[in-house]
Amino acid sequence: MTIDRRDLFKAGGGLLAATAVGTLTSAVTATATAAAAEAAPARLTTRNPLVEQRADPFITRPVNGMYYLTGSVPEYDRIVVRGSATIDGLATAREKTIWRRPSSGKMGGHIWAPELHRIDGRWYVYFAAGDADDVFRIRTYVLESTSDDPRADTWVLRGQMVTKWDTFTLDSTTFEHRGKRYFAWAQSEPGIATNSNLYLAEMASPLALKGDPVRLAVPTLPWEIQGFKVNEGPAVLIRNGRVFMTYSASATDSRYCMGLLTADERSDLLDPRSWTKSPQPVFTTNEATRQYGPGHNSFTVAEDGVTDVLVYHARDYRDITGDPLYDPNRHTRVQRLYWNNDGTPSFGVPVGKGGPCLRLSPLDAPASYVRHYEYRLRADGDVRELADSQFRIVAGFRGAGSLALQSVNFPDRYVRVVDGSTVRIDPYDESDAYGRAASFTQVPGLADPQAVSFRLSGDPATYLAHDNGRILPFRPGTGVRDRQRVSFRLS
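These figures come from a predicted structure and were not determined experimentally.

Conventions used here
Residues numbered from 1 in each chain as written. Predicted model: local features only at pLDDT ≥ 70, side-chain atom pairs only at ≥ 80, totals over all residues. Heavy atoms only, no water. Phe/Tyr/Trp six-rings, centres within 6.5 Å; stacked < 30°, edge-to-face > 60°. Helix = DSSP H or I, 4+ residues; strand = E, 2+ residues; numbered from the N terminus. Buried < 20%, exposed > 50% of the residue type's maximum accessible area, 1.4 Å probe, protein only. Pairing = 2+ DSSP bridges. Axes fitted to C-alpha atoms, helices over the stretch in contact; angles between N-to-C directions. Polar contact = N/O pair within 3.5 Å; in protein donor to acceptor, adjacent residues only side chain to side chain. Core = buried A, V, L, I, M, F, W, Y, C linked by side-chain atoms within 4.5 Å. Contact = heavy atoms within 4.5 Å. Salt bridge = Lys/Arg side-chain N within 4 Å of Asp/Glu carboxyl O.

**Q** How do you make sense of the packing of aromatic side chains when you look at a structure like this?
**A** How two aromatic rings sit relative to each other is set out by the distance from centre to centre and by the angle between their planes. Summed over the entire model, instances satisfying the criterion amount to 22 aromatic pairs. Here W99 and F127 contribute two aromatic rings whose centre-to-centre distance is 5.0 Å and whose plane-to-plane angle is 45°, an arrangement assigned as tilted. Residue W99 is located in strand β4 (residues 95-100), and its partner F127 is located in strand β6 (residues 122-131); the two are separated by 28 residues in the primary sequence. An identical accessibility class is assigned to W99 and F127; each is buried.

**Q** Any chance you could explain the sheet that holds strand β2 (residues 67-72) here in plain terms?
**A** Within a sheet, neighbouring strands are paired by backbone hydrogen bonds and run either parallel or antiparallel to one another. With respect to topology, four strands assemble into an open sheet ordered β1-β2-β3-β4, the strand pairing being antiparallel. The open sheet has two free edges, formed respectively by β1 (55-59) and β4, since each of these has just one partner strand. Across the sheet, the axes of successive neighbouring strands diverge by a mean angle of 25°, strand direction being ignored. Two strands pair when backbone bridges link them, and β1 and β2 are joined in this way by three bridges, in the antiparallel orientation. Within the sheet, the bridge partner assigned to I59 lies in β2 and is L69.

**Q** Looking at this model, I keep getting lost on the side chain of T289. Mind explaining?
**A** Here T289 is to be found in the loop between β16 (275-277) and β17 (292-301). A residue is classified by how much of its surface remains accessible, and T289, at 5% relative accessible area, is buried. Polar contacts involving the side chain of T289 include one to the main-chain carbonyl oxygen of P350, which spans 2.8 Å.

**Q** Got a minute to help me understand the nonpolar core in this structure?
**A** Taken as a class, soluble globular proteins show a tendency for nonpolar side chains to be buried jointly. By size, the foremost hydrophobic cluster in this structure holds 27 residues, and its most contacted members are W112, L200, L216, M245, L261, L269 and W275. Listing elements by their share of this core, those giving two or more residues are β5 (111-119), β9 (169-177), β10 (180-187), β11 (197-205), β12 (208-217), β14 (242-249) and β15 (257-264). Of the residues forming this core, the biggest block, four residues, is contributed by β14. Residues within four places of L261 in sequence aside, it is in contact with L198, L216, A217, V243, F244, M245, Y247, W275, T276 and K277. Within the second largest apolar cluster, 21 residues are counted, among which are L358, V415, L456 and I471.

**Q** Would you mind showing me how to read the pattern of salt bridges here?
**A** Where side chains of opposite charge bring their charged atoms close, a pairing between them can arise. Taken as a whole and judged by the stated rule, the model has 40 salt bridges. Shared partners join several salt bridges into a network, and the residues in it are R371, R378, D380, E385 and D388.

**Q** When you look at the environment of K164 in this model, what are you seeing that I'm missing?
**A** Position of K164 among the secondary structure elements: in the loop between β8 (156-160) and β9. Once you skip the residues sitting within four places of it in the chain, K164 turns out to touch D212 and P213.

**Q** Sorry if this is basic, but what is going on with the environment of V125 here?
**A** Counting through the fold element by element, V125 comes out in strand β6. Linking V125 and Y141, residues 16 residues apart in sequence, is a C-alpha distance of 8.2 Å. Those residues in contact with V125 that sit more than four places away from it in its chain are I79, I98, P114, E115, L116, Y141, V142, L143 and W155.

**Q** How should I be thinking about unusual backbone geometry in this particular structure?
**A** A cis geometry characterises the amide bond from N48 onward to P49, with omega recorded as 5°. The topology assignment puts P49 in the loop between α1 (23-39) and β1. Of note, N240 is a non-glycine position whose phi angle comes to about 55°, a positive value. A residue is classified by how much of its surface remains accessible, and N240, at 45% relative accessible area, is partly exposed. Backbone geometry at Y375 places phi at a positive 75°, although glycine is not the residue there. When you line up the elements, Y375 lands in the loop between β23 (368-373) and β24 (376-381).

**Q** I would appreciate a short explanation of the sheet that holds β10 in the present structure.
**A** The strand order β9-β10-β11-β12 describes an open sheet built from four strands, whose pairing is antiparallel. The sheet is open, and its two borders are formed by β9 and β12, each paired with just one other strand. Strand-to-strand twist in this sheet, taken as the mean axis angle between neighbours without regard to direction, amounts to 25°.

**Q** Would you mind going over the side chain of H331 with me for this structure?
**A** Of note, H331 is situated in strand β19 (residues 331-336). Among all residues touching H331, those that are not within four sequence positions of it are P49, V51, E52, Q53, R54, Y312, H313, A314 and D316.

Just geometry here; none of it tells us what the structure is for.
As structure tokens, then:
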């Protein structure tokens, strides 16, 4: 059966894969999704969100072939863990409650932001808890398990992680670097008029700190003090000769966002002068993708063991009734983390619902990526605006077998050929002319079967091609050069 994709769109295009039009839609999208997955080297999950109503998400790196996920539940009353051999499998994995708060007294209040760490053959959960009579008297506590599987019923409460001040303390993480284990967290320091700052200390053991903490960051920049003066949720990734620490800032509504601290990996991490704060946030609300308040992230790796993955939460809507803390719909999300040529992380935008987000590199310019600039397609190296170079391969507009290339950061726009010579991303419309110009057939790369080529649906002899930085329609000859021009690698 041939399906006209125009019938599946409402209100300027919307996202097909997430709108569940039923089996009619899935028959069309299966071809596009399979084609994208077949060509993509790192097969990251296509689910977005990965798990609903799990805020402050933490996914471990694989341990004995398993990923484990924990996070805050909307009731703030327990700690849960789920496990799977794949990231995607976490979406449907059975969840196990490993600890519940007491009905009264200490730790009987809000339970926030658990993190799960494997240290010296044991599991540890660091989490924040309030008292039953004061739910916001938040302090950090630790659980320990000697089992190989963190879902086993062997957890023991080891008590409070004692810091220099007995004040509001939360969002703890730990990492090892150059033979030392460190503890990073957020805390309210007496004498500083902020809700929380970021601190770092060396650990004497998984249960105790060694020496006094150092203050790494205080919320002072305009984007860090919206609603509340907050630096919280540190997460550490060591790459390319540097130690990167992401953190979250401002109130937990749509103003919530992520910042970045950077230190040379050879520096003294306990010297605050070793760290530099980026002046602008690195991950923020995006109206076009309808993702609001992204933050409180962690990092893992894809199943290939190499590709870095950003884990975070965000909402699908801006407006919230009441206190954002009690809005349950901060969902766990994952997306690939890319790297700039200078070795710094490239976060892009929080992507909306849909399938894999891909980048295309011309075979004859492998250091370049296809991107849109002022809505025209071109190929550039070291694209700092990552989302300008990300696309989704989705069902096309010309029936079964046709594909369309959807912009990730402008999801109502699709790649199309204009006037037979210009390639742009333009807003969807229902005309036959748009459908013809924005539909393609994906085939194995003409110069390399491991790459891909995109043939125009209305002209099977014409392909999208790279020409000295431009992307244009082109009829290749039989020569190697021509065939390379119309072949692209997906990443």
